[in-house]
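In case you want the letters, here they are:
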Amino acid sequence: MSIELYLIILIVVLAALYFVVPFVAGTFLKYRGKRVITCPETRSPAAVEVDSAHAALTAAFTHPDLRLKTCSRWPERQDCGQECLLQIEIAPEDCLVRHILASWYLGKHCASCGKKFGEIQWSEHKPALLSPEGKTVEWPELPPEKVPDVLKTHFPVCWDCHITETFCREYPDLIVDRSHVSEGVHRDLRG
Ligand SMILES: [Zn+2]
């Protein structure tokens, strides 16, 4: 094979990589992550995960082929028709658990200290949820398919208030009420 032919093949491969790789990577990022969909069979929320690697690989040749990698109804219903994929195809971001939570917190205020929530910084301390019984819970502790129902009954709390509440609940003996000490100090200063 001549050097010219090698060069042509190299240019074609590089051009293909230049155009295909960003599309493949974009498809992978688009379909990764836990999602909550409405199961067409039960009409109830179910947590699913798309096989994003398969979607990305097929996207290199044709339209991304979507298939589930996990579902909260598996293994019992592993042979279902995966009709829920249509919901993901129509609105891939709207059913992402992260998106559902971020939209819910945005603009709300902490039920304990009143601080307003902005965009959630996923790499930092994340806000939590306050149950009607007054117990805080971190949402990663919840099964994703329960998130839509929990958001209907719980209140948003910031990380600081969640940590304070958890500490008070778990170590009540270490909590010291210093209000009377403070009052005494002020009385001594006045007197
Ligand atoms: Zn707070």
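Provided above is the structure to which this section pertains.
Residues numbered from 1 in each chain as written. Predicted model: local features only at pLDDT ≥ 70, side-chain atom pairs only at ≥ 80, totals over all residues. Heavy atoms only, no water.

## Digging into the nonpolar core
Item 1. Formed by 20 residues in total, the largest nonpolar core has its most connected members in Leu101, Tyr105, Cys110, Leu129, Trp139, Leu142 and Leu151.
Item 2. Per-element accounting of this core gives the leading share, 4 residues, to helix H4 (residues 97–105).
Item 3. Of all hydrophobic cores here, the second largest spans 15 residues; its members include Ile37, Val50, Leu85 and Cys95. (Core = buried A, V, L, I, M, F, W, Y, C linked by side-chain atoms within 4.5 Å. Buried < 20%, exposed > 50% of the residue type's maximum accessible area, 1.4 Å probe, protein only. Helix = DSSP H or I, 4+ residues; strand = E, 2+ residues; numbered from the N terminus.)

## A short note on the side chain of Thr27
Item 1. Relative to the assigned elements, Thr27 resides in helix H1 (residues 3–31).
Item 2. Those residues in contact with Thr27 that lie beyond four places of it in its chain are Ala55, Ala56, Ala59 and Pro64. (Contact = heavy atoms within 4.5 Å.)

## Focus: the coordination of the zinc ion
Item 1. On the protein side, the zinc ion has Cys110 (SG), Cys113 (SG), Cys158 (SG) and Cys161 (SG) as donor atoms, found 2.2 to 2.3 Å from it.
Item 2. Geometry at the zinc ion is tetrahedral, judged from its 4 donor atoms and the angles of 101 to 115 degrees they form at the metal.
Item 3. If you list the donors of the zinc ion from N- to C-terminus, the spacing comes out as C-x2-C-x44-C-x2-C.
Item 4. Overall, the relative accessible area of 3% leaves Cys158 in the buried class. (Donors = N, O, S within 2.8 Å, 3.2 Å for Na, K, Ca; no water. Tetrahedral: all angles 85-135°; square planar, octahedral: opposite > 155°, others 65-115°.)

## Looking at the environment of Thr58
Item 1. For Thr58, the location among the structural elements is in helix H2 (residues 52–59).
Item 2. Sequence separation between Thr58 and Lys30 is 28 residues, and the spatial gap between their C-alpha atoms is 14 Å.
Item 3. Each residue touching Thr58, except ones within four places of it in the same chain, is listed here: His63, Pro64 and Asp65.

## A word on the sheet that holds strand S6 (residues 155–157)
Hydrogen bonds between backbone atoms are what pair the strands of a sheet, whose relative direction is either parallel or antiparallel.
Item 1. The strand order across the open sheet built from 3 strands is S5-S4-S6, with neighbouring strands paired in antiparallel fashion. At either end of the open sheet lies a strand with only one pairing partner, and these are strand S5 (136–137) and S6.
Item 2. The pairing of strand S4 (residues 128–130) with S5 spans 2 bridges and is classified as antiparallel. In the sheet register, Leu129 faces S5, and the bridge partner there is Val137. (Pairing = 2+ DSSP bridges.)

## Overview of the state of the cysteines
Item 1. Enumeration over the complete set of coordinates arrives at 0 disulfides.
Item 2. Among the cysteines around Cys39, which has no disulfide bond, Cys71 carries the closest sulfur, lying 6.6 Å off.
Item 3. Cys39 gets classed as buried once you look at its relative accessible area, which sits at 9%.
Item 4. The closest cysteine sulfur to the non-disulfide-bonded Cys84 is located on Cys80, 6.1 Å from its own sulfur.
Item 5. In this structure Cys84 comes out as buried when scored by relative accessible area, which is 6%. (Disulfide = S-S within 2.5 Å.)

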